[in-house]
Structures are given as structure tokens and as C-alpha cells.
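Residues per chain, in single letters:
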Amino acid sequence: MQMWVLMYVFSYSVNPAATSDKAEWRLLPTVVFQEFTSEERCRTAKATLEGSLKEAGARLRSGMEDLKSIGKADPAQIIIAYNVECLPK
């Protein structure tokens, strides 16, 4: 039986509000692998994870926009990236 692997990579950078020096940005990658017994189960998990990441990103953007409106933050200070793939093992 062929196994499938869900690979999930997530990273973000923050430009601290105290400085505009890009050397201060931080990139914190996380890589997670999970095995599945079928491609269908892997793709279902992939869709669920992608949905959760999109929702979290939207909430973060909304919160940053609220802070921007009172001059306390800028959404450009945070960069979020993710990639989710189902691959045959």
C-alpha cells in the first residue's frame, strides 16, 4: 500500500515597530510531516489546514488594520507564508 505524506511549511517575518531596519526581521520556519494511508485522506487534511491558515491570516490582517487605524501598527510589518502539499511517500 502506498503511503502519502502531508508536508506543511509555515514561516513569518516581523519588522518590529521600533525599527524599519530590515536586518531586524525574523524568519521562523516550521516544517511538519504527517503520513496518511491514502491520497484522499491526505488531500482532505490539506484542504482543512489551508482553510485554517487562510482564516488565521484574515484575522491577523483585520487586527493589524484595526491597530493601523489608531496609528499603532502597520500590516506591512508582518509577512506570513505557507505551503501545504500532499506527496507520495
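Look above for the structure.
Now for a quick tour of the structure. (Residues numbered from 1 in each chain as written. Predicted model: local features only at pLDDT ≥ 70, side-chain atom pairs only at ≥ 80, totals over all residues. Heavy atoms only, no water.)

1. With respect to helix α1 (residues 39–69)
- For α1, built from 31 residues, the straight-helix expectation of 45 Å at 1.5 Å per residue is met to within 8% by its first-to-last C-alpha distance of 45 Å.
- At the C-terminal side of α1, Gly71 shows a positive phi close to 75°. (Helix = DSSP H or I, 4+ residues; strand = E, 2+ residues; numbered from the N terminus. Expected span 1.5 Å × (residues − 1).)

2. Focus: the nonpolar core
- Core analysis: the largest hydrophobic core is formed by 9 residues, namely Trp4, Leu6, Tyr8, Phe10, Phe36, Cys42, Leu53, Val84 and Cys86.
- Elements represented by at least two residues in this core include exactly β1 (4–14), α1 and β3 (78–88).
- The element best represented in this core is β1, accounting for 4 residues.
- Ignoring anything within four residues of it in the chain, the contact list for Cys42 reads Trp4, Val5, Leu6, Phe36 and Cys86. (Core = buried A, V, L, I, M, F, W, Y, C linked by side-chain atoms within 4.5 Å. Buried < 20%, exposed > 50% of the residue type's maximum accessible area, 1.4 Å probe, protein only. Contact = heavy atoms within 4.5 Å.)

3. A closer look at the pattern of salt bridges
- Applying the stated rule across the entire model yields 4 salt bridges.
- Lys89 is the salt-bridge partner of Glu35, the closest N and O atoms lying 2.4 Å from each other. Taken together, the residues Glu35 in strand β2 (residues 30–36) and Lys89 in the segment after β3 connect sequence positions 54 residues apart.
- Take Glu35: its relative accessible area is 45%, and that puts it in the partly exposed class.
- Here Glu55 and Arg59 are joined by a salt bridge, their closest N and O atoms 2.8 Å apart. Placement of the pair is Glu55 and Arg59 together in helix α1, with a separation of 4 residues, close to one helical turn. (Salt bridge = Lys/Arg side-chain N within 4 Å of Asp/Glu carboxyl O.)

4. Concerning the side chain of Lys46
- Along the chain, Lys46 falls in helix α1.
- Lys46 gets classed as buried once you look at its relative accessible area, which sits at 16%.
- Residues within four places of Lys46 in sequence aside, it is in contact with Leu6, Val84, Glu85 and Cys86.

Purely geometric numbers; function is a separate question.
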